[in-house]
Amino acid sequence: MTKGDRMSDADKTDAAGSSGIRASRRTVIKGVIASGVAVGAAGYIVYDRYGGGLGRAKGSVERLVTLNVNGKDRRVDVLPNETLVHTIRYKLGLTGTKLGCDHSECGACTVMVDDISTYSCSTLTHSVRGRKITTIEGIEGPNGELHRVQKAMIKELGPQCGFCTSGQVVAAVALLKANPTPTVDEARRGMSGNLCRCGAYDHYLKAVMTASREA
Ligand code: FES
Ligand code: FES
């Protein structure tokens, strides 16, 4: 239609209709965003219904929590159903902890919680508040020197592609904390929750035995 053409009634209806749809889409989108903000904020703080100041909604979980990671208190926003591996990697930036199966099967996500070897992919972050969390980044000494387990793993050529290595190191450190002088069978059992797609099991096992002798 050129500038000089007259608009028919049908055209007018179409034009009004399509702009109406655009307007309502905008309204819907705005509404979705607003409700998302409201839901997202629900876990934080709300005004109580009697106007008596701020408080948490009944049944809600506090989202801003403090976690003790590698000896430091870290303040972080955690969703109620968030797993520890997610918090560690994507919110605290500690990417040494790997995410493999995400189903408690491979051990790539192993961290220590109160010195116990733990799959962080199947641990809710909220459940470890107030506990001591140690990731691979917290294994080295205060001046950056390698832990004896790390040195032994290098010496025994444990890491191949390296994907499982941080989990293997953390599991070995936890094992030697609980049992500083394991037999080969005990060490094999202690490391059995950590899979290695490169099949470097014997190397990792040797490394655990080497590290145990150097205690
Ligand atoms: S990623 Fe946690 S066990 Fe595999
Ligand atoms: S070294 Fe490659 S998966 Fe273990």
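Our structure's up above, just so we're on the same page.
The model shown is predicted, which means the values in this text are computed figures rather than measured ones.

Draft legend 1. Quick peek at the packing of aromatic side chains. Across all of its chains, the model carries zero aromatic pairs by this definition. Stacked on the ring of phenylalanine 163, the Lys or Arg arginine 197 has its end atom at 5.0 Å from the ring centre.

Draft legend 2. Quick peek at the packing of helix α3 (residues 148–155) against helix α4 (residues 165–178). For the pair α3 and α4, interaxial distance at closest approach is 9 Å and the crossing angle is 125°. By the angle between their axes, α3 is oblique relative to α4. You can see that α3 and α4 cross each other, and the crossing is right-handed. Residues Arg148, Val149, Gln150 and Met153 of α3 lie in contact with α4, whose contacting residues are Gln168, Val169, Ala172, Val173 and Leu176. Looking at the contact of α3 with α4 residue by residue, the classes come out as six nonpolar, two polar and one charged.

Draft legend 3. Main features of the environment of cysteine 198. Along the chain, cysteine 198 falls in the loop between α5 (184–190) and α6 (201–213). By relative accessible area, cysteine 198 is classed as partly exposed at 40%. As for cysteine 198 and proline 159, which are separated by 39 residues in sequence, their C-alpha atoms are 8.7 Å apart. Ignoring any residue separated from it by four or fewer positions in sequence, one finds cysteine 198 in contact with Gln160 and Cys161.

Draft legend 4. Inspection of the side chain of threonine 165 at higher detail. Position of threonine 165 among the secondary structure elements: in helix α4. In this structure threonine 165 comes out as buried when scored by relative accessible area, which is 13%. Here threonine 165 is in contact with Pro159 and Tyr204, once residues within four sequence places are set aside.

Draft legend 5. Structural context of the sheet that holds strand β4 (residues 72–77). Strand order across the open sheet formed by five strands is β4-β3-β7-β5-β6, with mixed pairing between neighbours. Edge positions in the sheet fall to β4 and β6 (116–119), since each has one partner strand and no second. Recorded for the sheet is a direction-independent mean angle of 40° between the axes of neighbouring strands. Here strand β5 (residues 110–113) pairs with β6 via four bridges, running antiparallel. Each bridged residue has a counterpart across the sheet, and for valine 111 the counterpart in β6 is threonine 118. Across the sheet, α4 lies against β5, β6 and β7 (132–134), angled at about 35° from β5, the strand it touches most.

Parameters and conventions
Residues numbered from 1 in each chain as written. Chains lettered and ligands numbered in written order. Predicted model: local features only at pLDDT ≥ 70, side-chain atom pairs only at ≥ 80, totals over all residues. Heavy atoms only, no water. Phe/Tyr/Trp six-rings, centres within 6.5 Å; stacked < 30°, edge-to-face > 60°. Lys NZ or Arg CZ within 6 Å of the ring centre and 35° of its normal. Axes fitted to C-alpha atoms, helices over the stretch in contact; angles between N-to-C directions. Helix = DSSP H or I, 4+ residues; strand = E, 2+ residues; numbered from the N terminus. Parallel < 35°, antiparallel > 145°, perpendicular 65-115°, else oblique. Left-handed = near helix turned anticlockwise from the far one by under 90°. Contact = heavy atoms within 4.5 Å. Nonpolar A, V, L, I, M, F, W, Y, C, P; charged D, E, K, R; others polar. Buried < 20%, exposed > 50% of the residue type's maximum accessible area, 1.4 Å probe, protein only. Pairing = 2+ DSSP bridges.

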